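Examining the three-dimensional arrangement
What follows is the residue order along each chain.
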Amino acid sequence: MNALLLVPSELAGCIRRKGYKRLTVRSVIELAAPQTWGASVMPVLLAAALTIAHTGTLPVLLFFSILATAVCLQCAVNTFNDYSDFMAGVDRPENCIDPTDASLVYNDYEPVLAFVLGIGFILLGFVCGLYAIITVGPELLIFGGIGAAVVFFYSYGLLPLCYTPIGEALSGLVMGGIIPIACFYAMTGELSWTVVLYSIPVIITISLIMLANNGCDIEKDAASGRLTLPVRKGRPAALKLHALLFATAMVCAGLVIWLRFPNGLWLLPLFCAWLIPQEYQMMKTGLLPENRIRSLMLATGTNIRLNAVYIAMILAPAIIIQ
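Residues numbered from 1 in each chain as written. Predicted model: local features only at pLDDT ≥ 70, side-chain atom pairs only at ≥ 80, totals over all residues. Heavy atoms only, no water.

Before going further, it helps to examine the overall build of the protein. Across its full length, the protein holds 15 helices and zero strands. Counting the 322 residues in the protein, one finds 52% classified as buried. Residue pairs in contact within the protein that sit at least 24 positions apart in sequence constitute 78% of those at least 6 positions apart. Summed over all atoms, the accessible surface of the protein reaches about 14800 Å², with 72% contributed by carbon and sulfur. (Helix = DSSP H or I, 4+ residues; strand = E, 2+ residues; numbered from the N terminus. Buried < 20%, exposed > 50% of the residue type's maximum accessible area, 1.4 Å probe, protein only. Contact = heavy atoms within 4.5 Å. Areas by Shrake-Rupley, 256 points an atom, 1.4 Å probe, with all protein chains shown as cover.)

In structure tokens form, the structure reads like this:
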């Protein structure tokens, strides 16, 4: 059943029912899922690095305004997705091993509060982005509107995007592609589509987080009618695709540095030494349900590690010149 259709009736039920626990700070943090924030932070950091490489400077207040907005939207995505999964019956005690990874399942508070919290995160993101909107102009609202629309349609609508085989790719393209373009435009005043080329490693590694998540959730997603890419192709194919995309991300990052920022090539050995064992550990998890938490930790770690060194290699010329 469509989770969106459950919102009004669930709200009415919550109003009638007594005995719910309060929504605690801990539950808010669990819904916000800070362990996933690398997916929103790294694209902004990449845009900042490209801005420094391009202009030699960084508008600090603008940077932090954009960063806070991106993190808030990430919190909204996490919260809406948890709410949608809970309301659709995808997340249940028998298939959610870690209580901190399923706040709505293990904490008896009004479910609709999670939906309201998600809206609150979007509004907070708008407030955080006001400085950027005032400084740069209302055109930034276009990027914000695209982000908010994806946040909504990813978990809701007649056919939520997370129920389709394009969910992994879309999350990577939006967060890893649109965020850097918007941030670079805000900080430089230039709308450069070449930023997308520089963003390919970020796009891929964010998609890998979703691929790992859905690979571990094949059984419960299939049972709930979700046709994610791993559900359609199977776990062995998902694991092979993960390894292929990881290698592609590394090659693309290396090519960008070699062709555009060769002074950063001295960091390439660290790049390989820090990342290849990480992917080897991911392959060992097999994307099995019982290894879900470890798989997600490794996937988010790969996103942070790969892009951190990638950004450092981009910044190396500016650091050397100074």
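Time to look at the packing of aromatic side chains. Aromatic ring pairs are reported here in terms of the distance separating the ring centres and the angle at which the planes meet. Tallied over the full model, the rule gives five aromatic pairs. Ring geometry for Phe 63 and Phe 64: centres 5.0 Å apart, planes at 70°, overall edge-to-face. Note on Phe 64: relative accessible area 47%, which makes it partly exposed. Chaining the aromatic ring pairs together yields one cluster made of Phe 80, Tyr 83 and Phe 115. (Phe/Tyr/Trp six-rings, centres within 6.5 Å; stacked < 30°, edge-to-face > 60°.)

Moving on, we come to the packing of helix α8 (residues 167-188) against helix α10 (residues 200-216). Across the interface, α8 lies against α10 with an axial gap of 7 Å and an inter-helix angle of 145°. The hand of the α8/α10 crossing is right-handed. Along the contact surface, α8 presents Glu 168, Ala 169, Ser 171, Gly 172, Leu 173, Met 175, Gly 176 and Gly 177, while α10 presents Val 202, Ile 203, Ile 206, Ser 207, Met 210, Leu 211 and Asn 214. Along the lines of polarity and charge, the residues of the contact of α8 with α10 split into eight nonpolar, six polar and one charged. (Axes fitted to C-alpha atoms, helices over the stretch in contact; angles between N-to-C directions. Left-handed = near helix turned anticlockwise from the far one by under 90°. Nonpolar A, V, L, I, M, F, W, Y, C, P; charged D, E, K, R; others polar.)

Tracing the sequence through the fold places Gln 278 in helix α14 (residues 268-285). When residues no more than four places from it in sequence are discounted, the contact partners of Gln 278 are Met 297, Leu 298, Gly 301, Thr 302 and Arg 305.

Moving on, we come to the nonpolar core. Residues Val 44, Leu 50, Ile 66, Met 187, Phe 271, Tyr 310 and Ile 314 are the most contacted members of the largest nonpolar core, which totals 74 residues. Contact partners of Phe 271, with chain neighbours within four places excluded, come to Met 250, Ala 253, Leu 306, Val 309, Tyr 310 and Met 313. Counting residues in each nonpolar core, the second largest holds six residues, with Val 90, Leu 161, Cys 162 and Met 210 among its members. (Core = buried A, V, L, I, M, F, W, Y, C linked by side-chain atoms within 4.5 Å.)

In the contact formed by helix α4 (residues 60-87) and α8, the axes pass within 10 Å of each other and the chain directions differ by 155°. Viewed along their axes, α4 and α8 adopt a mutual orientation that is roughly antiparallel. The handedness of the crossing between α4 and α8 is right-handed. Contact residues: Leu 62, Phe 63, Ile 66, Ala 70 and Gln 74 in α4; Met 175, Ile 179, Cys 183, Ala 186 and Met 187 in α8. For the contact of α4 with α8, a count of residues per class yields nine nonpolar, one polar and no charged. (Parallel < 35°, antiparallel > 145°, perpendicular 65-115°, else oblique.)

With that out of the way, let us pick up the pattern of salt bridges. Using the criterion set out here, one finds three salt bridges in the structure. For the salt bridge of Arg 292 with Asp 217, the shortest nitrogen-to-oxygen distance reads 2.9 Å. Residue Arg 292 is located in helix α15 (residues 292-321), and its partner Asp 217 is located in the loop between α10 and α11 (218-223); the two are separated by 75 residues in the primary sequence. Each of the two residues, Arg 292 as well as Asp 217, counts as buried. For Glu 219, the salt bridge identified is with Arg 235, shortest N-O distance 3.0 Å. (Salt bridge = Lys/Arg side-chain N within 4 Å of Asp/Glu carboxyl O.)

A few words on the state of the cysteines. Applying the stated criterion to the full structure yields zero disulfides. Among the cysteines around Cys 128, which has no disulfide bond, Cys 72 carries the closest sulfur, lying 4.2 Å off. The class for Cys 128 is partly exposed, based on a relative accessible area of 24%. (Disulfide = S-S within 2.5 Å.)

Looking now at the confidence of the model for the protein. Averaged over all residues, the pLDDT of the protein is 84; the fraction at 70 or higher stands at 87%. Per-element confidence in the protein is highest for helix α3 (residues 38-55), whose mean pLDDT is 94, and lowest for helix α1 (residues 6-16), whose mean pLDDT is 45. Counting contacts from residues 1-16, a segment whose pLDDT is below 50, to residues more than four positions away or on other chains yields 23 contacts. (pLDDT = per-residue confidence, 0-100.)

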